[in-house]
Amino acid sequence: MTQDLSRTAAGVQFVGVSKTYPTGLTAIAQLDLDIRPGEFLTLLGPSGSGKTTALNLLAGFQSPTTGQILVDGKDIGALPPYKRDIGVVFQHYALFPHMTVRENTGYPLKQRRMPKDEIARRVDDVLRMVALEAYGDRLPRQLSGGQQQRVAVARAIVFRPRLLLMDEPLGALDRKLRESVQLELKRIHRDLGVTIVFVTHDQEEALVMSDRIAIFDQGRIRQIGTASALYDAPVSQFVAQFLGESNCLVGKVDHLPRLSRVTTAAGVFHGVTSDATPQHGTAAVVTRPERCRLFTAQSEVPEGWNQVPARIRDVVYLGALRKVVADLRDGGTFTVIFQPDQILPAAPDVLVAFPPDAARVVLADGPKNH
């Protein structure tokens, strides 16, 4: 049964937090972040973007250069890691090879000098939760990678932390096993009602697991929100291209009442005007591949749609879908996702088209095209 989140889950705040190393490298720059009690928040970004540093600061493995980190309104900056009562799971499980599953799981309770009968009861409970109750007497080397990962999770939650940090915990697993463990972690989160902060560079993993996603870049959060909000309404070209696949065309922006016009080397395109649309200068019109269509003649393109001539380069089979990669005349590329009921044009020369309301005009800050 899910526990009462108001009692069990921790709220976290980063207030003006920065981390600069003696070399001069700034890993985190003035980070302000509110993590809600009971939510599953994923820190997503490329290598070196600052997401793992943020996690280490919260865990107490590093100290911020400036700012405060608050848990339930209390500054934890002076507390060493072992006094923060935060569960941590790493990519490399760090299990004790000479200890059984049961001994590994109960180790944090033993360190806290709990009575043996209480340790045994809690270990039984948590091994049942991660579906490892039959493996308590095995050593780590006798387990699969997924089972070892679940032991690491069990050890991190056995002392009932109100906050659980996970740093690339599924990176060493194969795809099928990773998907299985993702579902297990979602179930555990739901059952425990604990706040989880999860670090990954895997976009699909973030989309599947998160209540919200914070996209990091160069030590800053570029955008934070639900998966659907980030996917459907990115505020920049970086976010559009990092989360999922996007077609991006960069040019000079002109504002219209509801739509903005972007004049590019490939042509003139219209997209939805939003708070992320620059007032002047350079902008990117971005659209998702599944919102694009291919046509063989001008007369086939619906009135008012954006369109650009292209030549089909590759067709990639994706099982239920097909992905078409087409070269534009200005040297860029466009990607189109084909549904099973759509017919692929026979000729290589096509028109790629998409409606204006399937495109957004945002800050341009990345490569011109995908």
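Peer 1: Mind showing me how you'd approach the pattern of salt bridges here?
Peer 2: Where side chains of opposite charge bring their charged atoms close, a pairing between them can arise. All told, the structure shown has 17 salt bridges when counted by the stated rule. Put simply, Asp125 and Arg128 hold a salt bridge, and the shortest N to O gap is 3.2 Å. Taken as a pair, Asp125 and Arg128 lie in helix α4 (residues 116–129) at a separation of three residues, close to a single helical turn. Overall, Asp125 belongs to the partly exposed group, its relative accessible area being 33%. A network of salt bridges, in which partner residues are shared, links Glu118, Arg121, Arg122, Asp125 and Arg128.

Peer 1: It is not clear to me how empty space enclosed by the protein should be interpreted in this structure. Could you clarify?
Peer 2: The rolling of a water-molecule-sized probe over the atoms marks out the regions of remaining empty space. Under the defined criterion, the tally for this structure stands at one cavity of 30 Å³ or more. Estimated volume of the largest cavity: approximately 40 Å³. Taken together, Leu57, Gln62, Ser63, Pro64, Ile69, Ile76, Gly77 and Arg84 form the lining of the largest cavity. Here the lining of the largest cavity is composed, by residue class, of four nonpolar, three polar and one charged.

Peer 1: Got a minute to help me understand helix α3 (residues 101–111) in this structure?
Peer 2: Of the residues making up α3, those classed as buried are Val101, Asn104, Thr105, Gly106, Pro108 and Leu109. Residues of α3 that are buried in the fold lie against α4 and α5 (145–157). Directly beyond the C-terminal end of α3, a positive phi value near 55° is found at Arg113.

Peer 1: Please clarify how the side chain of Gln147 should be interpreted in this entry.
Peer 2: The topology assignment puts Gln147 in helix α5. Polar side-chain contacts of Gln147 include one of 3.5 Å to the side chain of Tyr135. In this structure, Gln147 is in contact with Leu132 and Tyr135, ignoring residues within four places of it in sequence.

Conventions adopted
Residues numbered from 1 in each chain as written. Predicted model: local features only at pLDDT ≥ 70, side-chain atom pairs only at ≥ 80, totals over all residues. Heavy atoms only, no water. Salt bridge = Lys/Arg side-chain N within 4 Å of Asp/Glu carboxyl O. Helix = DSSP H or I, 4+ residues; strand = E, 2+ residues; numbered from the N terminus. Buried < 20%, exposed > 50% of the residue type's maximum accessible area, 1.4 Å probe, protein only. 1 Å grid on protein atoms, 1.4 Å probe; cavity = no way out; pocket = protein on both sides within 12 Å on 5 of 7 lines; lining within 4 Å. Points joined across faces, edges and corners; volume = space filled by probe spheres on them. Nonpolar A, V, L, I, M, F, W, Y, C, P; charged D, E, K, R; others polar. Contact = heavy atoms within 4.5 Å. Polar contact = N/O pair within 3.5 Å; in protein donor to acceptor, adjacent residues only side chain to side chain.

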